[in-house]
Amino acid sequence: MHDEAGTLEMTAKVLVVEDDEVLRQLLINVLNDQGYEVEAAETGEEGLRAMEQDVFDVILLDINLPGMDGMEVLRLAPARQPDTQVVMMTAFGTVDTAVEAMKQGAFDYINKPFSTEELLLTISRALEEQDLRREVARLRQKARGVGGGVQIVGKSPGIQRVIDLIARVAPSRATVLVTGETGTGKELVARAIHEASNRANKPFMPINCAAIPENLLESELFGHMKGAFTGAIQNKKGLFEEASGGTVFLDEISTMSMSLQPKLLRVLQEYVIMRVGGRQPIPVNIRLVAATNLDLKKRVAEGNYREDLYYRLNVFPIDVPPLRERAEDIPLLSNYFLQKYSELYTIDAPKLPARTLDRMMSYQWPGNVRELENFIERAVVLHASGGSATIGFELPSDVEEQDGGTNILDEAQRKRWTFEDLEREYIFRVLESVRWKKTEAAEILGIDRRTLYRKLKRYETEGASGPE
Ligand SMILES: Nc1ncnc2c1ncn2[C@@H]1O[C@H](COP(=O)(O)OP(=O)(O)OP(=O)(O)O)[C@@H](O)[C@H]1O
Ligand SMILES: [Mg+2]
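As the structure is a computational prediction, the values presented were derived from the model and not from experiment.

Novice: Got a minute to help me understand the overall build of the protein chain in this structure?
Specialist: In terms of regular secondary structure, the protein chain is built from 20 helices and 12 strands. The buried share of the protein chain, reckoned over its 468 residues, is 32%. Counted over contacts in the protein chain with a minimum sequence separation of 6, partners at least 24 positions apart contribute 70%.

Novice: Honestly, the sheet that holds strand S1 (residues 13–17) in this entry has me stumped. Any pointers?
Specialist: Taking strand neighbours across the sheet as the criterion, the 5 strands line up as S2-S1-S3-S4-S5 in an open arrangement whose pairing is parallel. With partners counted over all chains shown, the strands left at the sheet margins are strand S2 (37–41) and strand S5 (108–111), one partner each. Sheet twist, expressed as the mean angle between neighbouring strand axes with direction ignored, is 20°. Relative to strand S3 (residues 58–62), S1 runs parallel, the two being bridged by 4 bridges. Bridged to Val 17 within S3 is Leu 61. Contacts from helix H1 (residues 21–33) reach S1, S2 and S3 within the one sheet, and its direction differs from that of S2 by about 170°.

Novice: I keep staring at the site of ligand 1 and nothing clicks. Help me out?
Specialist: For ligand 1, the set of nearby residues contains 17 residues, the closest of which are Val 153, Gly 185, Lys 186, Glu 187 and Val 369. Elements that contribute at least two residues to the shell around ligand 1 include exactly helix H7 (186–195) and helix H15 (368–382). Here the residues of the shell around ligand 1 are counted per class, giving 6 nonpolar, 7 polar and 4 charged. Split by domain, the shell around ligand 1 shows at least three residues from each of two domains, domain 2 (150–319) and domain 3 (325–462).

Novice: Mind showing me how you'd approach the pairing of S1 here?
Specialist: The buried count for S1 comes to 4 of 5 residues, which makes it a mostly enclosed element. Pairing between S1 and S2: 5 bridges, direction parallel. Bridged to Lys 13 within S2 is Glu 37.

Novice: I keep staring at the sheet that holds strand S6 (residues 176–179) and nothing clicks. Help me out?
Specialist: Within a sheet, adjacent strands bond to each other through the backbone by hydrogen bonds, running parallel or antiparallel. The strand order S7-S8-S11-S6-S12 describes an open sheet built from 5 strands, whose pairing is parallel. Two strands in the sheet have a free side with no partner beyond their single neighbour: strand S7 (204–208) and strand S12 (316–319). The mean inter-strand angle of the sheet, taken between neighbouring strand axes irrespective of direction, is 20°. As defined by bridge partners, S7 adjoins strand S8 (residues 247–251) across 5 bridges and the pair is classed as parallel. From the neighbouring strand, Phe 204 faces S8, where its bridge partner is Thr 247.

Novice: Sorry if this is basic, but what is going on with the nonpolar core here?
Specialist: What tends to happen in soluble globular proteins is that the nonpolar side chains get buried as a cluster. Counting 45 residues, the largest nonpolar core has Ile 166, Val 178, Val 189, Ile 193 and Phe 240 as the members making the most contacts within it. In terms of residue count, the dominant contributor to this core is helix H6 (residues 157–169) (6 residues). By size, the runner-up hydrophobic cluster in this structure holds 29 residues, among which are Ile 63, Val 73, Met 88 and Met 89.

Novice: Looking at this structure, how should I read helix H8 (residues 214–222)?
Specialist: Helical geometry note: an α-helix holds 3.6 residues per turn, so side chains three or four residues apart project in the same direction. Restricting attention to buried positions, one finds in H8 the residues Leu 217, Glu 218, Ser 219, Leu 221 and Phe 222. Along its buried surface, H8 packs onto helix H9 (239–242), helix H10 (261–270) and strand S9 (272–273). Remark: Gly 223 follows H8 within two positions and exhibits a positive phi of approximately 80°.

Novice: Help me understand the packing of helix H13 (residues 330–344) against helix H14 (residues 354–362) in this model?
Specialist: Working note: a packed helix pair is described by the angle between its axes plus the distance between those axes. Running from amino to carboxyl end, H13 crosses H14 at an angle of 120°, the nearest separation of the two axes being 10 Å. Compared by their axis directions, H13 and H14 come out oblique. Here the hand of the crossing between H13 and H14 comes out right-handed. Across from Ile 330, Pro 331 and Ser 334 in H13, the residues of H14 making contact are Leu 357, Met 360 and Met 361. In terms of residue class, the contact of H13 with H14 is made up of 5 nonpolar, 1 polar and no charged.

Novice: I keep staring at the packing of H6 against H7 and nothing clicks. Help me out?
Specialist: Two elements in contact, H6 and H7, have axes whose closest approach is 9 Å; the angle formed by their N-to-C orientations is 35°. Taken as a pair, H6 and H7 cross one another with a handedness that is right-handed. On H7, the residues touching Val 162, Ile 166 and Val 169 of H6 are Val 189, Ala 192 and Ile 193. For the contact of H6 with H7, the residue count by class is 6 nonpolar, no polar and no charged.

Reading the values: the criteria
Residues numbered from 1 in each chain as written. Chains lettered and ligands numbered in written order. Predicted model: local features only at pLDDT ≥ 70, side-chain atom pairs only at ≥ 80, totals over all residues. Helix = DSSP H or I, 4+ residues; strand = E, 2+ residues; numbered from the N terminus. Buried ≥ 20, exposed ≤ 12 C-beta atoms within 10 Å, placed from the backbone. Contact = placed C-beta atoms within 7 Å. Pairing = 2+ DSSP bridges. Axes fitted to C-alpha atoms, helices over the stretch in contact; angles between N-to-C directions. Near = placed C-beta within 6 Å. Nonpolar A, V, L, I, M, F, W, Y, C, P; charged D, E, K, R; others polar. Domains from an automatic or database assignment. Core = buried A, V, L, I, M, F, W, Y, C linked by C-beta atoms within 7 Å. Parallel < 35°, antiparallel > 145°, perpendicular 65-115°, else oblique. Left-handed = near helix turned anticlockwise from the far one by under 90°.

What follows is the structure, given as structure tokens:
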């Protein structure tokens, strides 16, 4: 949500827990008028349930509630909403309780009956203080980035919004679902959440659900007991146990089988797991971040995904926009990658000619940031070590147009390539076909990753006078 000027304006979300119907309705109206998003609960129990389903910036909590009272709700709230500011609503003559509430972590209290101004002032102060806290988290994330950790580059409103959401959700344990096309930076976002959370000094454990056969995935995630299946020669902890205190990143979550889904659901509902072949439920202390580049909701509609699991995963969605929708990030990202790969290949960073950059800005980047990164890496590799200070290279779209399915062997013959030329071109084509995932390319080429690096490095020192 950003306005015309491109600045960032998040609508604050307020949860009202108030049993008095008239007052509740009044609060809803006043807050709605101010542009806040409001959810209301009649009882403490209902309030806690709402806290499990959504993330709120402020909770307006009545002290006197039927059943579970406000103090009890206040005590239980942080586990569900660690980043929320709680404002207590107290009745005349209960100052002691109000003070006690502040000691218990409430941000402030207002005495009934209160004026609209008083209410709004308190809420905006709560939001201000919270902004400050988030800004600190953001700066900390940035500082870590400089230190070789996670850095999310970009100034577009689209990516700034993502950074803002990361800062918002990081301090809580809320499950995050990161969506976006391939190569947009979903894993980077997951790492950033971990780094900005209070779990940062505990493990971040990524696992790609699509890359592991179904029967293995269960024991990878949940562990197994000795003798549970052939090959289970001893008890083994799974990822959820290994990640204790940290964050588990489940990539390509849409591919998880129907038989595993209920087990994951249980983790998210109760934070307990059962090892394969085990009988004892084991509590696990993890925070889950999941990612998908497929539309999970559609998978639900098609009957391939449990709806209850979908809702548990989708508590806090972060959608990373495709690169073509944030072209203003392309110059920044290009420079960032130029720097990165020039350092890696130890050459002076070449410059991007304005003309090339122009064309890059209008290119569609179907492989998103990963494609851009690989494109720059290739440019750096091809850049002659002693040659010009700018890089000349072709955009993938040009390459496609030119090659238009030409046979590499015909081309080699026509242009009188050497064996080496042919090898180099073939390596680049394979790399491009797997979007520069080097492990995958090395596998196709039948060489190990180190050899591949060595060859790339050699092309770089030999200069860019390749088979063009
Ligand atoms: N905003 C960004 N700033 C810096 N680097 C980025 C940014 N976005 C993506 N990258 C880099 O681009 C590459 C691809 O990102 P990542 O692996 O996170 O994408 P993904 O969405 O998980 O892709 P896939 O769907 O294919 O798994 C990584 O090397 C990542 O570091
Ligand atoms: Mg990924």
